[in-house]
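# Residue-level structural notes
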Amino acid sequence: MTSRDGRTGGEAKLRRQAEKIAKRKTIQAPETTGSPSVDESGRLIQELQLHQIELEMQNDELRRAEKELDAERERYFDLYDLSPVGYCTLNEKGLILEINITAATFLGVAKGAMVKQPLTRFILPEDQDIYYRHCKKLFENDELQTCELRMVKKDGTTFWVHLIASAAQDVKGRPVRRTVISNIDERKQAEGRQNLMTEILGIINESPLLVETIKGILISIKREMGFDAVGIRLKSGDDFPYFVYDGFSDNFLIRENTLIVHGQDGSVCRDGNGNISLECICGLVISGRTDPSNLLFTEGGSFWTNDSITQLDFLLTQGQRFHHRNGCIHEGFRSAALIPIRVNQENVGLLQLNCRRKNCFTLDTIRYFEGLASSVGIALTRKQAEEALQLAHDELEQRVASRTEELLRSEENFRRSMDESPLGVRVVTPEGETMYANRAIIDIYGYDTIEELKTTPTEKRYTPESYAEFLIRRKKRRQGLDEAFEYPLSIVRKDGEVRHLQVLRKIILWNGTRQYQVIYTDITERKRMEEALLAKSQQLEQTNTALRVLLRQREEDLKEMGQRIVANVQKLILPYVKEIRKLRLTPSQSNYLDIIDSNLQHVVSPFLQNLAAFFTAFTPREIQIANLIMEGKTSKEIAEFIGTAPRSVELHRNNIRKKLGLGGKKANLRSFLLTLS
């Protein structure tokens, strides 16, 4: 609003405050004499005094605002430039518009020198694609984007950063990117070291051969740490040649493989204690003659440098202590580390790490590798012992290794076998709580998950008969009584179907605690087949019973028929034979009548029945001859009677003896036949 005198609201307020101050200062206008000019000058003086007060108030306000602005600048400096994370603002072309001191310090470049520079200039070439995709997502989605990549310092060293970028606009409305840069190099290094240690321990535990173990360790170190060359020297006799290496040239290995110092005559040089003299810094570290007070050595006896060229003067001044070679320097390795490998306080080897980049190591890194070398030393001792035993007892070592491998994987295989078993498997506590169940047991019960099975009451999962038997078994277990470890069980599936199982229960150790392993075999189909077979067996038994009744009836019918035949012969035939004997018969007729009478008697006697029953293989002629032999007829009489030659009768007699089991025996044939009658 504007007042009647043309002042704005703020100016009017300032005017009122000035008038109040003027009143406190008792500003009064000069006495008027009534003259218009005098009145006008008084008002003018009063107005000037009020304006002076207004100016003083405005000046105070400006000073206060300046102080606030200075405080804001300090806060901005503290919050932006001195922040523990880096801040930078980029235009749409990726050029740096503004950057704080922290980000510039990360990169080792002056803050002013980075303005108008592309941020990609400081990103490792191998990670440019990560940054490109990061920016692309930011432009496409206009949402907060994060990524992790490696940046390059001015001196060429790399470090890991975490980027958080957001899209914004500057005061003119132009699109900009605000990026937060967090240095996560220590975390990444810690993760890398931890991963490397885990991988190396895995190699130590898994690789059966020493050379494979060391080679695996070196490859892992070289890959994870980004070194150009790595190697391990191991004691071999009096020398320490390279046992395994990666990244060294052939010429380097030819020059540097041996460390033994030789005299001009080719003899081996020794120190005052009679020990073999070793050349170069490698020999110095292996011999344990390092100087912990020198920054190039650690208390653990390791040597390290981030710029070997600057250490050349030092190496030359040590000429009286050892024979220097400087092979690593001439090979172009700027960063180098030599870590002793100890076993029982004795240096048995050396871990050598080389890189053509500078500043690859820190004291923490060296200490980490000293711990790693200690683990490698333990692994070396173990592997060498294992290989020595293997060479001496190859077959025995193979069995031990196989058994060790089985033990290491026993629990895994046990669990896997249970998981993949077609049989249902549960592990339960003595109280019946399920600790483990495989997929098959869930399928048997028809539930979707083990939790669903565990929460279903036992009474609902069993048939009434099986549940009653379960209560009895549980009571015995709680009382410490003997219980059945194999028993049948009938369950009710989730869908209501009843299935029959055969259960095998045994005591096992599960996680070091005594538990029960319960194996379920679904015998429903087998039980159904058994029931079907039982029904079929009962049906066959009934059929057999009916057949036995029929056979008994047939035997009785045959017996009755035989009795009728005997009765008929005795009543209807034999009487007439007796009447015929009363007639005058010729000798021949009388002889025939005797035979008829004799045969009729035999028909009704048990002789022929017994003969036919025991010797069914007899021919009709043999039966006829056997009958005449029993009557006491000679072979000649039998031949005349049946109208054949005596020799044929003898053949029949021999056959009869064989069939009766009398062949070659002196037993009388007629006497034997009489025993059958």
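Residues numbered from 1 in each chain as written. Predicted model: local features only at pLDDT ≥ 70, side-chain atom pairs only at ≥ 80, totals over all residues. Heavy atoms only, no water.

With that out of the way, let us pick up the overall build of the chain. The helix and strand tally for the chain stands at 24 helices and 15 strands. Looking at the chain residue by residue over its 677 residues, the buried ones come to 35%. Taking as baseline every contact in the chain between residues at least 6 positions apart, the subset at least 24 positions apart corresponds to 48%. Entry remark: accessible area of the chain is about 42,100 Å², with carbon and sulfur atoms responsible for 53%. (Helix = DSSP H or I, 4+ residues; strand = E, 2+ residues; numbered from the N terminus. Buried < 20%, exposed > 50% of the residue type's maximum accessible area, 1.4 Å probe, protein only. Contact = heavy atoms within 4.5 Å. Areas by Shrake-Rupley, 256 points an atom, 1.4 Å probe, with all protein chains shown as cover.)

Following the sequence through the fold, Thr179 ends up in strand β5 (residues 175-183). Excluding its chain neighbours within four sequence positions, the residues that come into contact with Thr179 are Gly86, Tyr87, Cys88, Leu90, Leu163, Ile164 and Ala165.

Right, let's talk about the packing of aromatic side chains for a bit. By the definition in use, this model includes 13 aromatic pairs. A centroid spacing of 5.4 Å and a plane angle of 40° characterise the contact between Phe227 and Phe361, whose relative ring orientation is tilted. Residue Phe227 is located in the loop between α7 (210-225) and β6 (229-234), and its partner Phe361 is located in the loop between β10 (346-355) and α12 (363-392); the two are separated by 134 residues in the primary sequence. Of the two residues, Phe227 and Phe361, neither departs from the other in class, the shared state being buried. Taken together, Tyr242, Tyr245, Phe248, Phe252 and Phe333 form an aromatic cluster joined through their ring pairs. Sitting over the face of the ring of Tyr445, Arg461 holds its NZ or CZ atom 5.7 Å from the ring centroid. The ring centre of Tyr516 lies 4.3 Å from the NZ or CZ of Arg505, which sits over that ring. (Phe/Tyr/Trp six-rings, centres within 6.5 Å; stacked < 30°, edge-to-face > 60°. Lys NZ or Arg CZ within 6 Å of the ring centre and 35° of its normal.)

Along any regular strand the residues' side chains alternate between the sheet's two faces. For strand β9 (residues 335-343), the tally of buried residues reaches eight of nine residues, placing the bulk of the element in the interior. Here β9 runs beside β10; their pairing, made up of nine bridges, is antiparallel. Residue pairing for β10: Ile341 is matched across the bridge by Gly349. Between β9 and β10, which pair antiparallel and follow one another directly, the connecting turn spans two residues, one of which, Asn344, has a positive phi of 55°. (Pairing = 2+ DSSP bridges.)

So, about unusual backbone geometry. You will see that Asn344, though not glycine, has its phi angle at about 55°, which is positive. In this fold, Asn344 is placed in the loop between β9 and β10. Here Asn359, not a glycine, exhibits a phi torsion of approximately 60°, which is positive. Here Asn359 shows up in the loop between β10 and α12.

On the surface, a cluster of nonpolar side chains totalling about 210 Å² of accessible area is made up of Leu209, Val211 and Phe243. With respect to the helices and strands, the residue Leu209 is situated in the loop between α6 (185-206) and α7. Residue Leu209 is classed as partly exposed on the basis of its relative accessible area, which comes to 33%. (Patch = residues over 30% accessible without salt bridge, like charges linked within 9 Å, V, L, I, M, F, W, Y side chains within 5 Å. Salt bridge = Lys/Arg side-chain N within 4 Å of Asp/Glu carboxyl O.)

Relative to the elements of secondary structure, Pro292 occurs in the loop between α9 (280-287) and β8 (303-305). The sequence separation of Pro292 and Ser302 amounts to 10 residues, and the corresponding C-alpha distance is 8.9 Å. Sequence-distant contacts of Pro292, that is, excluding residues within four places in its chain, are made with Phe297, Thr298 and Glu299.

As a packed pair, helix α21 (residues 620-630) and helix α23 (residues 646-659) sit with axes 10 Å apart at the nearest point and diverge in direction by 95°. By the angle between their directions, the pair α21 and α23 is classed as roughly perpendicular. On the side of α21, the interface is formed by Arg621, Glu622, Ile625, Ala626 and Ile629, while α23 contributes His652, Arg653, Asn655, Ile656 and Lys659. The residue inventory of the contact of α21 with α23, partitioned by class, reads four nonpolar, two polar and four charged. (Axes fitted to C-alpha atoms, helices over the stretch in contact; angles between N-to-C directions. Parallel < 35°, antiparallel > 145°, perpendicular 65-115°, else oblique. Nonpolar A, V, L, I, M, F, W, Y, C, P; charged D, E, K, R; others polar.)

With five of six residues buried, strand β1 (residues 86-91) is to be regarded as a mostly interior element. Pairing of β1 with β5, which is carried by six bridges, proceeds in the antiparallel orientation. The residue of β5 that forms the bridge with Gly86 is Ile181. By the bridge criterion, three bridges tie β1 to strand β2 (residues 96-99) in an arrangement that is antiparallel. What sits directly across from Leu90, in β2, is Ile96. The turn linking β1 back onto β2 is made up of four residues, and Gly94 within it adopts a positive phi angle of 85°.

We now examine the confidence of the model for the chain. Per-residue pLDDT for the chain averages 79, and the proportion of residues at 70 or more is 84%. At the level of individual helices and strands, the chain shows its lowest average pLDDT in helix α20 (residues 606-614), which scores 54, and its highest in strand β3 (residues 145-152), which scores 92. (pLDDT = per-residue confidence, 0-100.)

Further remarks concern the pattern of salt bridges. One pass over the structure, following the stated rule, counts 20 salt bridges. Here Glu541 makes a salt bridge to Arg548, at a shortest N to O gap of 3.4 Å. Judged by relative accessible area, which is 42%, Glu541 ranks as partly exposed. Within this structure, Arg493, Asp495, Glu497, Arg499, Asp522, Glu525 and Arg528 form a network of salt bridges that share partners.

A separate point is the environment of Glu497. Relative to the elements of secondary structure, Glu497 occurs in the loop between β13 (486-492) and β14 (498-510). Each C-alpha atom of the pair Glu497 and Gly446 lies 9.3 Å from the other, and the pair is 51 residues apart in sequence. In this view, Glu497 contacts Ile491, Val492 and Arg528; residues no more than four positions away in its chain are not counted. Here the side chain of Glu497 touches Arg499 through a polar contact of 2.9 Å, side chain to side chain. (Polar contact = N/O pair within 3.5 Å; in protein donor to acceptor, adjacent residues only side chain to side chain.)

Spatial ordering of the open sheet is given by β12-β11-β15-β14-β13, a layout of five strands whose pairing is antiparallel. The open sheet has two free edges, formed respectively by β12 (434-437) and β13, since each of these has just one partner strand. Strand-to-strand twist across the sheet, computed as the mean angle between neighbouring axes with direction ignored, equals 30°. Looking at chain direction, strand β11 (residues 424-428) and β12 are connected through three bridges and run antiparallel. Following the sheet pairing, Val428 is matched in β12 by Thr434. Contacting β13, β14 and β15 (513-522), helix α17 (residues 464-479) runs over the sheet at an angle of about 135° to β13.

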